[in-house]
Amino acid sequence: SRWTMMATRLLILLLAVAGASTAQAEWRPTALLRFASSYVYHGYDKSDGHPVTQAHAGVVDDRGVYGGLWLTQLDFGGAQLEAIPYVGAQRELAPDLRLDAVLSGYIYDANVFGRNADYSEVSLALDWRRLLGVRVAAAFDSYGGAATTPSAEITARYPLTDVCDLVASGGFDN
């Protein structure tokens, strides 16, 4: 199935990156359960205005190599679940500035608006103090469109408490 094929490719890539990074590396698990009032990504409202639950599990090593899986509840053109396996690397450019490079897969439990919507994306992001971020990306065959589509976004985050942030973002997706 398409799930198996894309998941297998990304797992092989994650294992290759992890294998190349195991010498003297210490891996730490990460996990997150998040509730959001809606889910908008690249200009698409993937939750039809409804609240969603998102879950994440991953690993990161002490040199900045990481990988994992996001699962998000949807209401998007027939799909009810989005799985996003990913692998990436981050580097500190300055004490408050971080660069991330990521390869992600977007896998849906059903066709979206009658089309196979699974796709992959590469992105680069700069993050300042976890308060302001800029990201550019290219998605390959997104939502079955048979084209490479660029996107860019800027995100501002303001911590309200230790566990609650106010986040605003804007950008474009071709």
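For the structure, see preceding data.
Residues numbered from 1 in each chain as written. Predicted model: local features only at pLDDT ≥ 70, side-chain atom pairs only at ≥ 80, totals over all residues. Heavy atoms only, no water.

A. Inspection of the pattern of salt bridges at higher detail. Going through the model one piece at a time under the given rule, you end up with seven salt bridges. Residue Lys46 is joined to Glu82 by a salt bridge in which the shortest nitrogen-to-oxygen separation is 2.5 Å. With Lys46 in the loop between β3 (44–45) and β4 (52–61) and Glu82 in strand β6 (residues 79–94), this residue pair connects regions lying 36 residues apart in the sequence. This pair shows no difference in class: Lys46 is buried, exactly as Glu82 is. Salt-bridge contacts for Arg135 lead to Glu153; the nearest nitrogen and oxygen are separated by 3.9 Å. Placement of the pair is Arg135 in strand β9 (residues 132–140) and Glu153 in strand β10 (residues 148–159), with a sequence separation of 18 residues. With a relative accessible area of 14%, Arg135 lands in the buried category. A single network of salt bridges, built from pairs that share partners, joins Glu121, Arg135 and Glu153. (Salt bridge = Lys/Arg side-chain N within 4 Å of Asp/Glu carboxyl O. Helix = DSSP H or I, 4+ residues; strand = E, 2+ residues; numbered from the N terminus. Buried < 20%, exposed > 50% of the residue type's maximum accessible area, 1.4 Å probe, protein only.)

B. Region of the structure containing the environment of Ala25. Among the structural elements, Ala25 can be located in the loop between α1 (2–20) and β1 (27–36). Residues Ala25 and Val65, 40 residues apart in the sequence, show an inter-C-alpha distance of 9.5 Å. For Ala25, the contacting residues outside a window of four places in its chain are Asp61, Asp62 and Arg63. (Contact = heavy atoms within 4.5 Å.)

C. View of the pairing of strand β11 (residues 165–173). Sheet topology places β10 next to β11; nine bridges connect them, and they run antiparallel. Bridging across to β11, Ile154 finds its partner in Gly170. Hairpin connection between β10 and β11: a loop of five residues separates the two successive antiparallel strands. (Pairing = 2+ DSSP bridges.)

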